[in-house]
Amino acid sequence: MSLVVDSMSVWHGAREAVRGVTVGAPAGRIVAVIGRNGSGKSSMVRAIAGVHAGRRSGSVVWRGGDLMTSSAVIRARSVAYVAQRPLVAADFTAREVIGLAGAVVVRSTEHVERAIEALGVRDLVDRPFAALSGGEQQRVVLARALAQHDVGGLLVLDEPFNAMDLAEQHRVAGALQCLASAGSLVLVVLHDLALADALAHEVWWMEAGQLRASGPREAVLSEAALGSGFGVAFERVGGSLRPIVAPRCETPAG
Amino acid sequence: MTIRRPRAASWLLIVAITAIAAIVRLMLGARGWSWPTPDIVDLRVGALVSAAVAGASLGLSGVLLQALLRNPLASPFVLGLSSGAGLAVSVAALAASWGAAWVIADGGLVAATIGSALALIVVVTAGRRHGAIDPVTLLLAGVVVASVAGALTILVQYLMPPSSRGDLMAWAMGRIPELPERVPLVVGAVLLVAIGWWSIARARWLDAACTADDEALSLGVDLPAVRWRLVVLSGALAGSSVVLCGPIAFVGFVAPHVARLMLGAGHRGLGVASPMLGAALLIAADALRLAVPLPGAGKLPVAVVTAILGGPIFLWVLRRHGGRGA
């Protein structure tokens, strides 16, 4: 295992959001972290990426080094992270935002250019970041993470497909698969279980702060388990997982 | 919309603005336009250097504060740092008048730095809601700290011996000294160069600090350490400018905004351009008050001129950004 999480707990104030999670993954994989809202997915990946500012315990070992005790600079050399809601409180262009990858860790122009190509944001780079759509901003921030990321490193993404249209999702998913093929470990929080099924090699399923299940995608994403865990029925059509969405009014208004 | 900033032209313009402001100020004296003859040239150069050091310190302090708080409205005056420094220097002067002369042996620099840093800590602490800095609450906290510090400064002035009261009152209204005291001027200049160098060397850290806390951490920036440094350094700059020229409004707010409009948001450029424009602004305000005396009232205090010029710009930025990220 390249990534080993051992007995990790994470607190938000007095509330224990993640409780003693032990799990691991080899390099060269895409791991989808799934679970209902408030199950502890984001808290767990933030702690793994070393960006949770509050109390935490346990250890996160990546290629032999403990990420929980490393300095920010050393961690930035091996882990790149994209937040659920990116914030850029300055009038930067998209290129300047991508260039932040080299704010502390030395990154060459080639790194930045490769990331721009991989995410297909060449036509956005001279535009103000604030003027981009939500999906475009998300792609630019992902390009920044890719520019920071060394092949073979750890990439942690918290719901990166938010606000992206289908074409953007397809492009980004392809880029993540290329990274995993090249030896990187991609840890990605996803709400879209069909996308998790199509993209991930392995799945970690969080429930109430604990790991409900982990393992190969086929083993974890069974229709029966998902139906009981998410309260929505699932079916496989031509090998693809999809929820059976049939909303109906159960509590009449008025 | 794409952004392509003509950087060379912008730099030329900034240098030209600063040079023209300096030349105009050298040509102006208490009696209006006149050539700086040898008997008065020292006075004009003294005022020019004082305004340059104080204005540049305010311009740089504004850049650091706006990076610290991720808020385009932040500046030493708006957040109460100048008032805090003014109160601390007034208290030190009062203590000196009661016999503790050592308190103000350095010209009041240490007192001013402590006063401005304390004001910033109070404002940032009071400006937090649910663990995060709320821009509107922060501004209100700054207004309250500035008001209370201003009122206490007036109280201290009443407690001063009548012989020293006039000087303190003139300083508290903001004035550019023609014969500046050597220690505050030299220490202020050294602080400005040292902190300016740090700001340029660490410009990429400041760029990264404009992202969310978790993203900045993931980029390798040790945010808690950087933030403490920014509190101390911006406080020291605001304090040294207050010691030199008294509390001056809006220079630390306007200079970073003009620099950003001309060069973009990168801190490598802002770390140089904002101090230059801060110096140019304060020199120009001093020249303006000399060139346009108020009928019946003589020369205005320079802080009144900067407030009249800076206030509308502040309201424009407030309206444009609603107090949130730049």
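Let me sum up the structure you'll find in this document. The structure displayed is predicted, hence computed values, not measured ones.

So, the nonpolar core
Ranked by internal contacts, the top residues of the largest apolar core, which has 188 residues, are Ala-32 and Val-33 of chain A together with Ile-283 of chain B. Broken down by element, this core gets its largest block of residues, 16 residues, from helix α2 (residues 38-69) of chain B.

So, unusual backbone geometry
Residue and element names in this part refer to chain A. You will see that Ser-7, though not glycine, has its phi angle at about 50 degrees, which is positive. Residue position: Ser-7 is located in strand β1 (residues 3-12). A positive phi angle, close to 50 degrees, is found at Ala-208, a residue other than glycine. Structurally, Ala-208 can be placed in the loop between β9 (202-207) and β10 (210-216).

Thoughts on the pairing of β1 of chain A
Residues and elements named next belong to chain A. Relative to strand β2 (residues 15-25), β1 runs antiparallel, the two being bridged by seven bridges. Considered in β2, the bridge of Val-10 is made with Val-18. In textbook terms, the turn of a hairpin is the stretch between consecutive antiparallel strands, and for β1 and β2 this stretch comprises two residues, one of which, Gly-13, has a positive phi near 65 degrees. Summarising the sheet, β1 and strand β4 (residues 56-62) pair through six bridges and their orientation is antiparallel. Opposite Val-5, over in β4, you have Val-60 as the bridge partner.

A look at the sheet that holds strand β8 (residues 185-189) of chain A
All names here are of chain A. Read from one edge to the other, the open sheet built from six strands follows the order β6-β7-β8-β3-β9-β10, with strand pairing classed as mixed. The sheet is open, and its two borders are formed by β6 (79-82) and β10, each paired with just one other strand. Within the sheet, the average angular offset between the axes of one strand and its neighbour, ignoring direction, is 15 degrees. Its contacts with the sheet put helix α5 (residues 134-148) on β6 and β7 (154-158), and the angle it makes with β6 is roughly 175 degrees.

Quick look at α2 of chain B
Its 32 residues place the ends of α2 of chain B 47 Å apart at the C-alpha level, agreeing with the 46 Å of an ideal helix rising 1.5 Å per residue. Following α2 of chain B by one or two positions, Arg-70 of chain B has its phi on the positive side, about 50 degrees.

Thresholds, definitions, all that
- Residues numbered from 1 in each chain as written.
- Chains lettered and ligands numbered in written order.
- Predicted model: local features only at pLDDT ≥ 70, side-chain atom pairs only at ≥ 80, totals over all residues.
- Core = buried A, V, L, I, M, F, W, Y, C linked by C-beta atoms within 7 Å.
- Buried ≥ 20, exposed ≤ 12 C-beta atoms within 10 Å, placed from the backbone.
- Helix = DSSP H or I, 4+ residues; strand = E, 2+ residues; numbered from the N terminus.
- Pairing = 2+ DSSP bridges.
- Axes fitted to C-alpha atoms, helices over the stretch in contact; angles between N-to-C directions.
- Contact = placed C-beta atoms within 7 Å.
- Expected span 1.5 Å × (residues − 1).

Note that all results are geometric; they support no functional claim without further evidence.
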